[in-house]
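The primary structure of each chain is shown beneath.
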Amino acid sequence: MEYVLHRKSNCKKIKIRVVEGVVQVSAPFTVSKREIDRFVHEQEAWIENQLNKCALSKENDLISLLGNEYKLHYMNKRICYVEGNDLYLYPDKTLIQRFLKQNVKKYIDLRFKFFCEQLNIHDISLQYGFYKSKWGSCTPSKHKICFNVNLIFMPLEFVDAIILHELAHLYHLNHSKDFYSLLCTWMPNYKEIIKKYKKISIPNLY
Ligand SMILES: [Zn+2]
């Protein structure tokens, strides 16, 4: 297995990371190349798994969008759309991101409105973006909530959980006990749902 080796004086043991499809190994100067090779070899299954996670999606992969599964096709017409159980994408980042954003917005806007009516919440504006490490954010002072477009790949009960999570931040800014007890009155199985889908990986479409 190929990897990039970083020798470090401040590192005590061998560490492996997979960053954007590249296997990076850091090791102390005192460890021999042979030992490092053996360690990497032992971790091969884990490394393969990490590499697969960041691999580009390919023709005929099954892609889940808002709870429905579609068979993926890349084509050379400059348009992205869904037809029956098929998802057609033009391999261009801007175009695909626009398609995902339009579709997640169409769904979440309505679902958000539904919850706001139930909970008697008014005048919150929504924004959508691509974030690496958060599903959403809430700025009560600006009456604004943002959602991660990648929610489009998640099951609908997870999307509901995130919408309610951000709405609960209108009352409690932090993740305190009060925050979770409010959230659990709205969605008693909130924690189970978040846990259930923790390991779902987001497809890499572009
Ligand atoms: Zn939060």
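Draft legend 1. Spotlight on the coordination of the zinc ion. Coordination of the zinc ion by the protein involves His165 (NE2), His169 (NE2) and His175 (NE2), with metal-donor separations of 2.0 to 2.1 Å. All donors of the zinc ion come from a single chain, and their spacing in sequence reads H-x3-H-x5-H. Accessibility expressed as a relative area gives 7% for His169, which makes it buried.

Draft legend 2. Expanded view of a positive patch on the surface. A surface patch of positive charge is lined by Lys8, Lys13, Lys15 and Arg17. With respect to the secondary-structure elements, Arg17 resides in strand β2 (residues 15–19).

Draft legend 3. Broad picture of the sheet that holds strand β7 (residues 86–89). Spatial ordering of the open sheet is given by β4-β5-β7-β6, a layout of four strands whose pairing is mixed. The sheet terminates laterally at β4 (62–65) and β6 (81–83), the two strands that pair on one side only. Neighbour to neighbour, the strand axes of the sheet diverge by 40° on average, direction disregarded. Summarising the sheet, β6 and β7 pair through three bridges and their orientation is antiparallel. Bridge pairing in β7 links Glu83 to Asp86. Seen against the sheet, helix α3 (residues 93–119) touches β4, β5 (68–74), β6 and β7 and runs at an angle of roughly 140° to β7.

Draft legend 4. Structural view of the domain arrangement of the protein chain. You can read the domains of the protein chain as domain 1 (4–54) and domain 2 (92–196). Placing a centre on the C-alpha atoms of domain 1 and another on those of domain 2 gives a separation of 37 Å.

Draft legend 5. Spatial organisation of the sheet that holds strand β1 (residues 4–7). Reading across from one edge, β1-β3-β2 is the order of the three strands in this open sheet, with mixed pairing throughout. Each edge of the open sheet is held by one strand with a lone partner, namely β1 and β2. The sheet shows a mean angle of 25° between the axes of neighbouring strands, direction not considered. Of the strands in this sheet, β1, β2 and β3 (22–27) are in contact with helix α1 (residues 33–42), which crosses β1 at around 130°. In the packing of helix α2 (residues 44–54) onto the sheet, contacts are made with β2 and β3, and the angle to β2 comes to roughly 15°.

Draft legend 6. Seen up close, the environment of Pro140. Following the sequence through the fold, Pro140 ends up in the loop between β9 (136–139) and β10 (144–148). A residue is classified by how much of its surface remains accessible, and Pro140, at 25% relative accessible area, is partly exposed. Along the primary structure Pro140 and Leu173 are separated by 33 residues, whereas in three dimensions their C-alpha atoms are 8.1 Å apart. Apart from the residues lying within four places of it in its own chain, the contact partners of Pro140 are His169, Leu170 and Leu173.

Draft legend 7. Molecular detail of the state of the cysteines. Applying the stated criterion across every chain yields a total of zero disulfides. Take Cys146: it sits in no disulfide, and the sulfur closest to it among the cysteines is that of Cys138, at 8.9 Å. By relative accessible area, which is 8% here, Cys146 ends up buried.

Draft legend 8. Structural detail: the nonpolar core. Of all hydrophobic cores here, the largest spans 44 residues; its most connected members are Leu65, Leu100, Phe147 and Leu167. Every element with two or more residues in this core is listed here: β4, β5, β7, α3, β10, α4 (156–168), α5 (177–186) and α6 (190–196). Broken down by element, the residue count for this core peaks at nine residues, all from α3. Apart from residues lying up to four places away in sequence, Leu100 is in contact with Leu65, Phe130, Val149, Ile152, Phe153, Leu205 and Tyr206. Ranked by size, the runner-up nonpolar core spans 11 residues in total, among them Tyr3, Ile14, Val23 and Ala27.

About the criteria used
Residues numbered from 1 in each chain as written. Predicted model: local features only at pLDDT ≥ 70, side-chain atom pairs only at ≥ 80, totals over all residues. Heavy atoms only, no water. Donors = N, O, S within 2.8 Å, 3.2 Å for Na, K, Ca; no water. Buried < 20%, exposed > 50% of the residue type's maximum accessible area, 1.4 Å probe, protein only. Patch = residues over 30% accessible without salt bridge, like charges linked within 9 Å, V, L, I, M, F, W, Y side chains within 5 Å. Areas by Shrake-Rupley, 256 points an atom, 1.4 Å probe, with all protein chains shown as cover. Salt bridge = Lys/Arg side-chain N within 4 Å of Asp/Glu carboxyl O. Lys, Arg positive; Asp, Glu negative; His and termini not counted. Charge placed at Lys NZ, Arg CZ, Asp CG, Glu CD. Helix = DSSP H or I, 4+ residues; strand = E, 2+ residues; numbered from the N terminus. Pairing = 2+ DSSP bridges. Axes fitted to C-alpha atoms, helices over the stretch in contact; angles between N-to-C directions. Contact = heavy atoms within 4.5 Å. Domains from an automatic or database assignment. Disulfide = S-S within 2.5 Å. Core = buried A, V, L, I, M, F, W, Y, C linked by side-chain atoms within 4.5 Å.

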